[in-house]
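Topology and contacts: notes
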Amino acid sequence: MGSPVPAGEGSPGASVATSTSPGLRPPTRRGTELVMLSFAAGLVTLALILVELNQERSLSLRVLYLGLAYLGLFACAHLAVRRWAPYADAAILPCVALLNGLGLVVIHRIDLAMEGTVFLDGSTWDPVAFKQVIWTAIGLVLFAATLKFLSDHRTLARFGYTFGLIGLVALMLPGVLPGFIAPEINGAKIWLRLGPLSLQPGEFAKILLMVFFAAFLVSKRDLFTTAGRRFLGMDLPRARDLGPLFAAWGVTVAVMVLQKDLGSSLLFFGIVLVLLYVATERAAWVVLGLGLFSGGAIVAWKLFAHVQQRVANWQDPIGRYERIGGGYQISQSLFGLATGGIGGAGLGAGRPEMIPEANTDFITAVIGEELGFVGFAALLLIYMIFALRGLRSAIAVRDSFGKLLGGGLAFAVCFQVFIVVGGVTKLIPMTGITAPFLSYGGSSLLANYILVALLLRISAAARAPQRAPKPKPQQPAIADQHTVMVERPK
């Protein structure tokens, strides 16, 4: 018997190459993406039909318009990915499409329930489903533009500090501007009013600050991995290395105080802690960060009335049911979830008009009522698949900046869902932030579609084949060199 042939020298294993092998092209999986998008479009169309039938209405042209608009928009998004990011993950865009479509269905269902409603100030309900389609179209334009003009995600690292400054200004701006430009809505001061439009700059600041922290942690990684004293089995960081953590904590407390926005402060600080942990793999940063945030939250609870009100509504919503600014909203959310039970009341058969802000902050409560625990769990599974595919892309990409940025982007969506669902189900106090891709609103959709484009760009970089290095001209061996006769000068 002959001796075994080592791999790489004529063995069968030598012909098997990974997707990162130079010169070999892995499958793009765009056909798989198209099949999953078609499945999502079919589910959304069926859900729109069920909503109108359960409202005891004949099918209207609105279903046709909404369905065709949805189909056309995501067909264009698929073509953009096929053209500018052919090796991107095939599951991310279908998950986003299904979430966006389900949100459009629920918003249309709320429009039907609220149709003709007259409010105390004499105004009537203004349907917003078609406005959501317009915001989706603008978001997908930004999505395609990001894919086209950002050919390499590592380019962002060059402008990390600039993005950090812009993001910090955008995050703090509503809290320092006067009320006629930055009005206080539902107890929070997070909006900028630009004529007939309102913009929430914190949604875009979230992405800009993630770019900054990813670039900063990559360039200063040695600063954060140097261990200080050991305490309770953990290597604590040195005192002089805690500056960035205290800076992030200070910004978080400032947002909580100036804007009365618990959700954005919690989301921002959570992202910073996760990026620190991913960059250093040290739990001490997380423990210190949670301690700082808990201390700041307790101080804010002692000093500020709006924080005390949120906590009181969380502790006993039923007891504060009839108070102004009390527990009516969270109580109605819990009643709706209880009514839905396991299987739900059915699409179009619930009472979403009983829940204030049903199409924004409490859209997940409407889904829980009409689709039940089963539908609610399926919704969370879609978010989980999105986050897992994003984290998988972050692990697979070759550069440290892409790993940190991809992990931060995927975690941001997942953590935002936790905050929203935790508030709706009374797990944590209500925060007032919206569910990504589901809730009505322009700022959230625009920012999140830019986030998705960045994730797809990172996943494309992870799966794309490496370019084969250019062959270097080889010098002939010395033995093969021609002999040159040199004549001795006379």
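Residues numbered from 1 in each chain as written. Predicted model: local features only at pLDDT ≥ 70, side-chain atom pairs only at ≥ 80, totals over all residues. Heavy atoms only, no water.

If you look the protein chain up in an unreviewed UniProt entry, it shows as FtsW/RodA/SpoVE family cell cycle protein from Lentzea indica. The heading Subcellular location (unreviewed entry) in the UniProt record of the protein chain holds the text "Membrane". (UniProt positions renumbered as here; feature names shortened; annotations may be inferred.)

Check the secondary structure of the protein chain and you find 15 helices and four strands. Per-residue burial over the protein chain gives 47% buried out of 490 residues. A separation of at least 24 residues holds for 73% of the contacts in the protein chain among residues at least 6 apart in sequence. Put simply, the protein chain shows about 24700 Å² of open surface, and 66% of that area lies on carbon and sulfur atoms. (Helix = DSSP H or I, 4+ residues; strand = E, 2+ residues; numbered from the N terminus. Buried < 20%, exposed > 50% of the residue type's maximum accessible area, 1.4 Å probe, protein only. Contact = heavy atoms within 4.5 Å. Areas by Shrake-Rupley, 256 points an atom, 1.4 Å probe, with all protein chains shown as cover.)

The next subject is the packing of helix 13 (residues 363-396) against helix 15 (residues 442-463). Across the interface, helix 13 lies against helix 15 with an axial gap of 8 Å and an inter-helix angle of 45 degrees. Classified by the angle between their axes, helix 13 and helix 15 sit oblique to one another. Of the two possible hands of crossing, helix 13 and helix 15 adopt the one that is left-handed. On helix 15, the residues touching Phe386, Gly390, Ser393 and Ala396 of helix 13 are Leu451, Val452, Leu455, Ile458, Ser459 and Ala462. Classifying every residue of the contact of helix 13 with helix 15 gives seven nonpolar, three polar and no charged. (Axes fitted to C-alpha atoms, helices over the stretch in contact; angles between N-to-C directions. Parallel < 35°, antiparallel > 145°, perpendicular 65-115°, else oblique. Left-handed = near helix turned anticlockwise from the far one by under 90°. Nonpolar A, V, L, I, M, F, W, Y, C, P; charged D, E, K, R; others polar.)

Counting across every chain of the model gives five cavities of 30 Å³ or more. The calculated volume of the largest cavity comes to roughly 180 Å³. Around the largest cavity, the lining is made up of 16 residues, and of these Gly202, Lys206, Ser264, Leu267 and Phe268 lie nearest the centre. If you list the elements that add at least two residues to the lining of the largest cavity, you get helix 6 (201-219) and helix 9 (262-280). Here the lining of the largest cavity gets seven residues from one element, more than from any other, and that element is helix 6. Tallied by class, residues from the lining of the largest cavity come to 10 nonpolar, four polar and two charged. (1 Å grid on protein atoms, 1.4 Å probe; cavity = no way out; pocket = protein on both sides within 12 Å on 5 of 7 lines; lining within 4 Å. Points joined across faces, edges and corners; volume = space filled by probe spheres on them.)

Estimates place the volume of the second largest pocket at around 780 Å³. Residue lining of the second largest pocket: 29 residues in total, with Leu266, Gly270, Leu290, Phe293 and Phe415 positioned closest to the centre. At the level of secondary structure, the elements contributing two or more residues to the lining of the second largest pocket comprise helix 9, helix 10 (283-303), helix 11 (305-315), helix 13 and helix 14 (400-424). Looking at the lining of the second largest pocket element by element, the count peaks at eight residues for helix 9. Across the lining of the second largest pocket, the residue classes tally to 24 nonpolar, four polar and one charged.

Here we take up the environment of Asp111. Locating Asp111 in the fold gives a position in helix 3 (residues 92-114). Of the residues examined, Asp111 reaches a relative accessible area of 6% and is grouped as buried. Excluding residues within four positions of it along the chain, Asp111 makes contact with Trp125, Pro127, Val128 and Ala129.

The subject of this paragraph is unusual backbone geometry. For Arg29, which is not a glycine, the phi torsion comes out positive at approximately 65 degrees. By relative accessible area, Arg29 is classed as partly exposed at 42%. Positive phi, normally seen in glycine, also occurs at Phe437, with a value near 75 degrees. One can find Phe437 in the loop between helix 14 and helix 15. Take Phe437: its relative accessible area is 1%, and that puts it in the buried class.

The next thing to look at is the nonpolar core. In terms of nonpolar packing, the biggest core is built from 118 residues, with Phe143, Phe386 and Leu405 touching the most fellow members. Ignoring anything within four residues of it in the chain, the contact list for Leu405 reads Leu156, Met210, Val211, Ala214 and Ile458. (Core = buried A, V, L, I, M, F, W, Y, C linked by side-chain atoms within 4.5 Å.)

As a further point, take the pattern of salt bridges. Across all of its chains, the model carries seven salt bridges by this definition. A salt bridge links Arg30 to Glu33; the shortest N-O distance between them is 3.0 Å. Note that Arg30 and Glu33 are positioned in helix 1 (residues 30-54) at a spacing of three residues, about one turn of the helix. For Glu33, a relative accessible area of 0% puts it in the buried group. (Salt bridge = Lys/Arg side-chain N within 4 Å of Asp/Glu carboxyl O.)

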